[in-house]
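Tertiary structure, described
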Amino acid sequence: MSYLAAFTKRPKGRSSLALAVALALAGTAAMAQSNITGSIFGQVAPQSGNTVEIKSVDTGLTRSANVDEQGRYRFSSLPTGRYTVTLKNNGAAVSTRDNVELSIAGGTEVSFGASAAAATDAKNLDGVSVVASALPAIDVSSVDTRTVLTSEQLAKLPIDRDIAAAAMLAPSVVANSSYGVPSFGGAASSENAYFINGYAVTNPLTSIGFTKLPFDAIDQQQVLTGGYGAEFGRSTGGVINIVTKRGSNQTKGGIYTIWEPEALRASPRNNYFPHTGAATNAATDGTLYQYRNRNQYWKSTVGAYISGALIKDRLFYYIDAEVNRQEGASVMSFSNSAASASKIGYNEFQNKIPRWTAKIDWNITDNHILEFTGVSDKTEFTSDRYTYDYKTQTHGSTQTGGVYNKDGGDLYIAKYTGYITDDLTVSALYGTQKINHVQTNYGFNPACPYISVGSNAQAPGIIYNTCQTATTSTLPLDGANDKTKGWRLDIEYRLGDHDIRFGYDAQNAKSFTGKEYAGGYAWVYGKQTNPATAIDPGLGVTGSPASAGGLGAQGYYVYKAYNTQRAGVETDQAAQFIEDRWQVNDRWLLSVGLRNEQFTNYNKNGDAYIKQRHQLAPRLGASWDVFGDSTLKVFANAGRYHLAVPNNAAVRSVSGSLISNQYFTYTGVDPVSGAPLGLNPIAVNPASPFICASTGGVSSNKECGQAPDPRTVAAKGLRAHFQDEYILGMEQQLTPTFNWGAKLTYRKLMSAIDDTCIQSLGNKCLTFNPGRGNTFMVPQADGSLKEVHLSQKDLNLPDLKRKYYAVDLFVEHPFADSWYGKVEYTFSRNYGNTEGQLASDLDTGAGGQTDVSRTQDWDLPQLMVGSNGTLPNHRAHQVKAFGYYQLNTEWRFGATLIAASGRPKNCTSFYPTADAGLYNSSTYWFCGLPGQTGYTVSPRGSHGTTPWTYQLNLNAAYTPGWLDNKLTLQVDVINALNRQTATMYNYRYALNRTTVNPLYGRELNYTDPRYFRVTARYDF
């Protein structure tokens, strides 16, 4: 469908909220506070003739407002930066506050005491007072939970130069090594939202990850971990909100270079086979699995920026461009790899990441502002592969494979802000982005199948080679890309003690994506300890390797695998919100809001298979300024937060994917291609409903390449994924240089969207709401559709459960007396029977399941047995401390410490019985080999935790006075203690129903080794 149509469609009946918004937009009393601006407010002793004027120190933007009868004033929707705030009486300055810092989506109070006498003296300027900076430390105007990091702090704190690394400084944010994206408050890593200058830049296909920009271009990074207002939606985790730098009346520029030398990078830990104790693994237990000790690289960044005014006080520019490079080498194969993997086992790689950010700000007048932002984020990756010999630990010199990837694109945003009257502000934003994905494989031969063979699957005397040079098992489709377009309108109107805000936002995301095995299909070799055991009776493969002859007599077999996915998919998301911030009196602020979300998902034919309307999300918050002087705030909020299903949910069965396996025994292997010879099919029950006619293989989810009727792939009346959250907290200024606070958080996932593949639905995977009854449209033999309701009892699946509670404490010393510091502690518990949209526990070294909102959790009732327990993003304890000390004008020192207890450990295996339709995998909540001594149910999180992780970072900076402090030389040491800790283990106990996995308990995902970063920059 066209983009315009995506935003003009309406359901047959409008909600009362939508109608109210429409009427309000048409009227004169309308509203708008953007989530990338801030406000300045305060109290003045009531007196006739009092006004307050603000002026941007950087751009000269000037606004004035009258003081109301109660002595209050407020400026909203202000660009972030420094301001001068002046109290005037009948036009004469009475008192001034200089260098008032305004943070993103926050409020800064600037109050003036009793000024009657000063106003009288102001006629002669005798009573004018100027205060450089004496502001309350507590923002009593906010009811959410936020951490704001300024560009100055990001430059001075020793952290990785990455948005996600900076977010880790916020409480309740934990690392998730299975996806490389943090988890907020117990939610899955796909449940976060990311914004740059007000535009959503979350990965449009999977919701895992986000667009990046030059780290030096960030002016402020806001991390919202709960309680955010009605203008924010589509997140049940957290929000990262970025505002870029902008130009000013002062011309500024600079160059910088950053170097991470290979010689100063610690050697990574080697990885070893775990001690399984199984007789079949005696030869490998405790031996070297992967040689990593010389996996090294260097990184560099070269960048420059310039900013200034094209027209003083009116037209400003900012440009930052940089090129990031990385070069290194690593061993990719394992000590037990077959010849097919050893052939491309050594990797010499290069990364080139050019990024730029440009911004134009046009103050048409002091009441009308236009902003234009451009961001480019592209990555070019080149990998040259060579043979690797574990016996000699050497690599070949003739290239045997390789790949070139180019991913990324450009983002453009336009925004208008109009201060129509003192009480009415309007803002509008439009953005568009396109991300391309290109992959070229060295010497790729489309006629060569992909070969996969583990060490235990190699028959003695046979070499398993390959003619395929592709470095990955599956290849993306040519022309893959993601595109987004979106806009929002925000209006704010002040009516007495009420700041009323409402708005509308919409975003359309399209993706053309897919993949298939290199060569179109794969040959996957395997072995069973007991050759007489049926291969996969649950899917109807009733024959055993022994029954089919050849090498099957020794338990060896092979299957021909297809994994072909191709789809052009689309998602529409829209919302309306209204919020009233009511200043009940001089100490109480009440925030009441309501958000109405609409989500529509389309398959590759443009047919809607999920359509959700009237997803109402109430928000309620309160702030109590206990003493009326902004030194002690008690706050509370409650809210509901919705999340849409991302585009990739339509890629598999919704759009007709082909995923099947056909089993054989064999007598030999082609020495060139690695394809099996002497094939003999292993018997399959011809009545099995899992057979794909197109391939002859079996498909556990009946993904045989045909796109189903979109009316049949999802439950009718599907509820959105949503979560309820409750927060109670306080913040106090103990002294002018010390603050502390405490917060209690409780989150409960109320509704989720996933898929289920139970037998009563024909083992086809249909989208549904777990934990409740669902109604499906089921195809009949005559081609008609029949409505069938299945209760929760009929589905035989448990209640949905994901809960999170936390206690957060902090002590902060704002920058004063030459130092800044903050210490945080979090105690939390994250438990239930589902992580949410993702499944980190399926990570065996290549990452967790990435079928967002289509995890295997709810596919079968057997998968939920024992699933209740502590979840993957559970960290009972977190300690974070960071700060810096300015010794003098030339020397500065900083430190960051992040420590967290480990994630839960598990043991999973095969289900006790080979029931019809079961997955033939070691992913059920049992431990041991079925039918053997010690085999038992193994509830989630019942095997302890991984070790604590500790990361101590240090830095020192020198800005010589003889160069007017314009040159900065800085050294950062990341992970100074070089603690390389495993953050995950391989949980899968068995290779098949009779064989212990030699990798069960293998350490995964080590924290990065120590490295040094040297920075030289010159600013003018």
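Residues numbered from 1 in each chain as written. Predicted model: local features only at pLDDT ≥ 70, side-chain atom pairs only at ≥ 80, totals over all residues. Heavy atoms only, no water.

1. Notes on the overall build of the protein
Looking only at helices and strands, the protein has 7 helices and 59 strands in total. Since a compact globule built from 1020 residues should have a radius of gyration of about 31 Å, the 30 Å found for the protein is in line with a globular shape. Dimensions of the protein along its principal axes, counting C-alpha atoms only, are 110 × 70 × 50 Å. For the protein, buried positions account for 57% of its 1020 residues. In the protein, the proportion of contacts linking residues at least 24 apart, taken out of those at least 6 apart, comes to 72%. Total accessible area computed for the protein in this model is approximately 38,300 Å², and 55% of it derives from carbon and sulfur atoms. (Helix = DSSP H or I, 4+ residues; strand = E, 2+ residues; numbered from the N terminus. Rg over C-alpha atoms; globule rule 2.2 N^0.38 Å. Buried < 20%, exposed > 50% of the residue type's maximum accessible area, 1.4 Å probe, protein only. Contact = heavy atoms within 4.5 Å. Areas by Shrake-Rupley, 256 points an atom, 1.4 Å probe, with all protein chains shown as cover.)

2. Observations regarding the state of the cysteines
Chemically, a disulfide is nothing more than a covalent bond linking the sulfur atoms of two cysteines. Counted by the stated rule, this structure contains 4 disulfides. Each sulfur of the disulfide joining C757 and C765 lies 2.0 Å from the other. Between C757 and C765 the disulfide shows an S-S torsion of about 105°. By sign, it is right-handed. Here C757 falls in the buried class, since its relative accessible area comes to 1%. Under the relative-accessibility criterion, C765 is labelled buried at 7%. (Disulfide = S-S within 2.5 Å.)

3. So, the UniProt feature "domain: TonB-dependent receptor-like beta-barrel" (unreviewed entry) in the protein
In the UniProt entry, the feature "domain: TonB-dependent receptor-like beta-barrel" (unreviewed entry) is given for residues 377–641. Split by type, residues 377–641 is 0% helix and 64% strand. Its first and last C-alpha atoms lie 30 Å apart. (UniProt positions renumbered as here; feature names shortened; annotations may be inferred.)

4. So, the pairing of strand β5 (residues 81–89)
Moving residue by residue along a regular strand, the side chains alternate between the two faces of the sheet. Burial analysis of β5 places 7 of its 9 residues in the buried class, which makes it a mostly covered element. Strand direction decides the pairing type here: strand β2 (residues 50–56) and β5, joined by 7 bridges, are antiparallel. Its bridge partner being in β5, N50 is matched across the sheet by N89. As consecutive antiparallel partners, β5 and strand β6 (residues 92–102) are separated by 2 residues, and within that stretch N90 has a phi angle of approximately 55°, a positive value. (Pairing = 2+ DSSP bridges.)

5. Focus on the sheet that holds strand β15 (residues 239–244)
Spatially, 5 strands are ordered β9-β14-β15-β12-β13 in an open sheet, and the strand pairing comes out mixed. What marks the edges here is a single partner per strand, and that holds for β9 (145–150) and β13 (199–200). For β9 and strand β14 (residues 218–226), the ladder comprises 6 bridges, and the chain directions are antiparallel. Its bridge partner being in β14, R146 is matched across the sheet by L224.

6. Brief notes about the UniProt feature "domain: TonB-dependent receptor plug" (unreviewed entry) in the protein
Those places that UniProt annotates as "domain: TonB-dependent receptor plug" (unreviewed entry) correspond, in this numbering, to residues 145–239. Its end C-alpha atoms 11 Å apart, residues 145–239 is made of 12% helix and 27% strand.

7. Some points on the pattern of salt bridges
Tallying each qualifying case throughout the model produces 40 salt bridges. One salt bridge connects R711 with D709, and the closest N-O pair in it is separated by 2.8 Å. In this structure R711 comes out as exposed when scored by relative accessible area, which is 54%. In the salt-bridge network here, residues are joined through shared partners; they are D216, K245, R1017 and D1019. (Salt bridge = Lys/Arg side-chain N within 4 Å of Asp/Glu carboxyl O.)

8. As for the domain arrangement of the protein
We note that the domain assignment places domain 1 (29–118) and domain 2 (146–242) within the protein. For domain 1 and domain 2, the distance between their C-alpha centroids amounts to 30 Å. Listed by partner, the interface residues are 8 residues for domain 1 and 11 residues for domain 2. Buried surface at the junction of domain 1 and domain 2, summed over both partners, amounts to about 770 Å²; 50% is from carbon and sulfur atoms. In this structure, the connection of domain 1 to domain 2 is made through 0 salt bridges. Summed over the shared surface of domain 1 and domain 2, the number is 4 residue pairs in polar contact (both at pLDDT 80 or more). The residue inventory of the side of domain 1 that touches domain 2, partitioned by class, reads 4 nonpolar, 4 polar and no charged. (Domains from an automatic or database assignment. Buried area = accessible area lost by both parts, 1.4 Å probe. Polar contact = N/O pair within 3.5 Å; in protein donor to acceptor, adjacent residues only side chain to side chain. Nonpolar A, V, L, I, M, F, W, Y, C, P; charged D, E, K, R; others polar.)

9. Structural notes on unusual backbone geometry
Not every positive phi belongs to a glycine, and S818 is a case in point at roughly 75°. In this fold, S818 is placed in the loop between β46 (802–816) and β47 (819–832). Phi angles above zero are rare outside glycine, and N1005 is one such case at about 55°. With respect to the element layout, N1005 can be found in strand β58 (residues 1003–1006).

10. As for the side chain of S921
The topology assignment puts S921 in the loop between β50 (891–900) and β51 (926–927). Look at S921 and you get buried, because its relative accessible area is 17%. At 2.7 Å, the side chain of S921 forms a polar contact with the side chain of T923. The residues contacting S921, other than those within four sequence positions of it, are S909 and F910.

11. Description of the pairing of strand β30 (residues 498–517)
Burial of β30 is extensive: 14 of the 20 residues sit out of reach of the surface. Looking at chain direction, strand β28 (residues 474–476) and β30 are connected through 3 bridges and run antiparallel. Among the inter-strand pairings, T474 is bridged to a residue of β30, identified as Y517. Here strand β29 (residues 481–495) runs beside β30; their pairing, made up of 15 bridges, is antiparallel.

12. Focus: a nonpolar patch on the surface
On the surface, L734, F738, V811, W819, Y885, L887, W891 and F893 cluster together into a nonpolar patch covering about 710 Å² of accessible area. Mapped onto the elements of the fold, L887 is located in the loop between β49 (877–886) and β50. Look at L887 and you get partly exposed, because its relative accessible area is 42%. (Patch = residues over 30% accessible without salt bridge, like charges linked within 9 Å, V, L, I, M, F, W, Y side chains within 5 Å.)

13. Focus on the packing of aromatic side chains
Scanning the entire structure with this criterion turns up 35 aromatic pairs. Taking the centre distance of 6.4 Å and the plane angle of 40° together, the rings of Y820 and F882 count as tilted. With Y820 in strand β47 and F882 in strand β49, this residue pair connects regions lying 62 residues apart in the sequence. Judged on exposure class, the residue Y820 and its partner F882 are both buried. Measuring from centroid to centroid gives 5.7 Å for Y820 and Y884, while their planes differ by 35°, and the two rings are tilted. With a gap of 64 residues between them, Y820 in strand β47 and Y884 in strand β49 connect regions that are remote in the sequence. We note that Y820, like Y884, is buried. Through successive ring pairs, a cluster of aromatic residues spans F195, Y228, F232 and Y641. A cation over a ring is seen here: K560 above Y521, with NZ or CZ 4.4 Å from the ring centre. One residue, K702, lies across the ring of F690, its end atom 5.8 Å from the ring centre. (Phe/Tyr/Trp six-rings, centres within 6.5 Å; stacked < 30°, edge-to-face > 60°. Lys NZ or Arg CZ within 6 Å of the ring centre and 35° of its normal.)

14. What about the confidence of the model for the protein?
Of the residues in the protein, 94% reach a pLDDT of 70 or more, and the chain-wide mean stands at 91. Low pLDDT (under 50) marks residues 1–34, which in the prediction has 81 contacts with non-local residues, meaning those over four places away or in another chain. In the predicted structure, residues 114–127 sits below a pLDDT of 50 and forms 20 contacts with residues beyond four places in sequence or in another chain. (pLDDT = per-residue confidence, 0-100.)

15. Concerning the side chain of T834
Tracing the sequence through the fold places T834 in the loop between β47 and β48 (869–870). In this structure T834 comes out as buried when scored by relative accessible area, which is 1%. Polar side-chain contacts of T834 include one of 3.2 Å to the backbone nitrogen of G836. Side chain to side chain, T834 and D857 meet in a polar contact 3.3 Å long. Contact partners of T834, with chain neighbours within four places excluded, come to L800, K801, R802, D857, W858, L871 and R940.

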